[in-house]
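# Notes for the structure review
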Amino acid sequence: QVQLVESGGGLVQAGGSLRLSCATSGRTFSPYVMGWFRQAPGKEREFVAAISGSGGNTDYADSVKGRFTISRDNAKNTVYLQMNSLKPEDTAVYYCAAGYFWSQNKRNYDHWGQGTQVTVSS
């Protein structure tokens, strides 16, 4: 079992930046594909970004490409999401997740954090 705890959410004005962190504990971190997802009120949870175990491969939703960057530090068992040029439509609860398969599908992720709220004001 692996535990995930997100932090770094908050309120920011449009055009601003936030950096989310997801600290993991439990099983060895490096084999896991790590993903970030988000869920806005009344909407389904959607894929944001993913990073491979080594950090060599990344994937992004079209809506965040060029603005968000996912990274990981396997020595610290932590994955990050740097969010720049934030827009009001980025407002959501952001979740990190761990899985064994390279996927944008939330069903392929086995472990989830509790989420952190990101609110972008216009």
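Reference entry: report on the structure contained in this document. (Residues numbered from 1 in each chain as written. Predicted model: local features only at pLDDT ≥ 70, side-chain atom pairs only at ≥ 80, totals over all residues. Heavy atoms only, no water.)

### Observations regarding the overall build of the protein
Here is the rule: Segments assigned H or I by DSSP are reported as helices when at least four residues long, segments assigned E as strands when at least two residues long, and all are numbered from the N terminus. Our radius of gyration is a C-alpha quantity, and the globule rule it is checked against amounts to 2.2 Å times the number of residues to the power 0.38. Only protein chains enter the area calculation, which uses a 1.4 Å probe; residues under 20% of their type maximum are buried, those over 50% are exposed, and those in between are partly exposed. In what follows, residue pairs with any heavy atoms lying within 4.5 Å of each other are defined as contacts. Here, Shrake-Rupley sampling with a 1.4 Å probe gives the accessible areas, and only protein chains in the shown set may cover a residue. In this tally, Lys and Arg are treated as positive and Asp and Glu as negative; His is ignored, and so are the chain termini. We put the charge of a Lys on NZ, of an Arg on CZ, of an Asp on CG and of a Glu on CD.
When helices and strands are tallied, the protein shows zero helices and 11 strands. Radius of gyration (C-alpha) of the protein: 13 Å, near the 14 Å computed for a compact globule of 122 residues. Its C-alpha atoms give the protein principal-axis dimensions of about 40 × 30 × 25 Å. Here the protein holds 122 residues, and the buried ones make up 45% of them. Taking all contacts inside the protein whose residues are at least 6 apart in sequence as the whole, residues at least 24 apart take part in 58%. Counting every atom, the protein has about 6100 Å² of accessible surface; 46% of that belongs to carbon and sulfur. Counting 12 positive and 9 negative side-chain charges, the protein places the centres of these two groups 2 Å from one another.

### Some remarks on the sheet that holds strand 3 (residues 18-26)
The following threshold applies: Any two strands are treated as partners once DSSP identifies two or more bridges connecting them. A fitted line through C-alpha atoms represents every axis, and for helices the fit uses only the stretch in contact; the resulting angles, taken between N-to-C directions, go from 0 to 180 degrees.
One open sheet holds the four strands; their spatial order is 1-3-8-7, and the pairing between them is antiparallel. Of all strands in the sheet, those with a lone pairing partner are strand 1 (2-7) and strand 7 (68-73), marking the two edges. Strand-to-strand twist across the sheet, computed as the mean angle between neighbouring axes with direction ignored, equals 15°. As judged from the six bridges shared by strand 1 and strand 3, these two strands associate in the antiparallel manner. Residue pairing across strands places V5 opposite A23, the latter belonging to strand 3.

### A look at the pairing of strand 7
Burial of the side chains of strand 7 is restricted to one face: F68, I70 and R72 are buried, whereas none of T69, S71 and D73 on the reverse face is. As defined by bridge partners, strand 7 adjoins strand 8 (residues 78-83) across six bridges and the pair is classed as antiparallel. Bridge assignment links I70 to a residue of strand 8, and that residue is L81. Between strand 7 and strand 8, which pair antiparallel one after the other, the connecting turn spans four residues, and N77 there sits at a positive phi close to 55°.

### Let's talk about the nonpolar core
Proteins that are soluble and globular tend to have nonpolar side chains buried together. As a reminder of what qualifies: For our purposes a nonpolar core is just a set of buried Ala, Val, Leu, Ile, Met, Phe, Trp, Tyr and Cys residues, chained together by side-chain atoms within 4.5 Å.
Counting 35 residues, the largest nonpolar core has M34, W36, L81, M83 and Y94 as its most contacted members. When contributions to this core are tallied by element, the ones reaching two or more residues are strand 1, strand 3, strand 4 (33-39), strand 5 (46-51), strand 7, strand 8, strand 9 (92-99) and strand 11 (116-121).

### Overview of the pattern of salt bridges
Inclusion rule: Salt bridges are defined by distance alone: a side-chain nitrogen of Lys or Arg within 4 Å of a carboxyl oxygen of Asp or Glu.
Counted according to the given criterion, the structure contains five salt bridges. R38 is paired through a salt bridge with D90; the nearest N and O atoms lie 2.9 Å apart. You can see R38 sitting in strand 4 and its partner D90 sitting in the loop between strand 8 and strand 9, a full 52 residues away along the chain. Each member of the pair, R38 together with D90, is buried. The partner of R67 in a salt bridge is D90, with the nearest N and O atoms 2.7 Å apart. Here the residue R67 occupies a position in the loop between strand 6 (58-60) and strand 7, and D90 occupies one in the loop between strand 8 and strand 9, the gap between them amounting to 23 residues. Of the two residues, R67 and D90, neither departs from the other in class, the shared state being buried. Connected via shared salt-bridge partners are R38, E46, R67 and D90.

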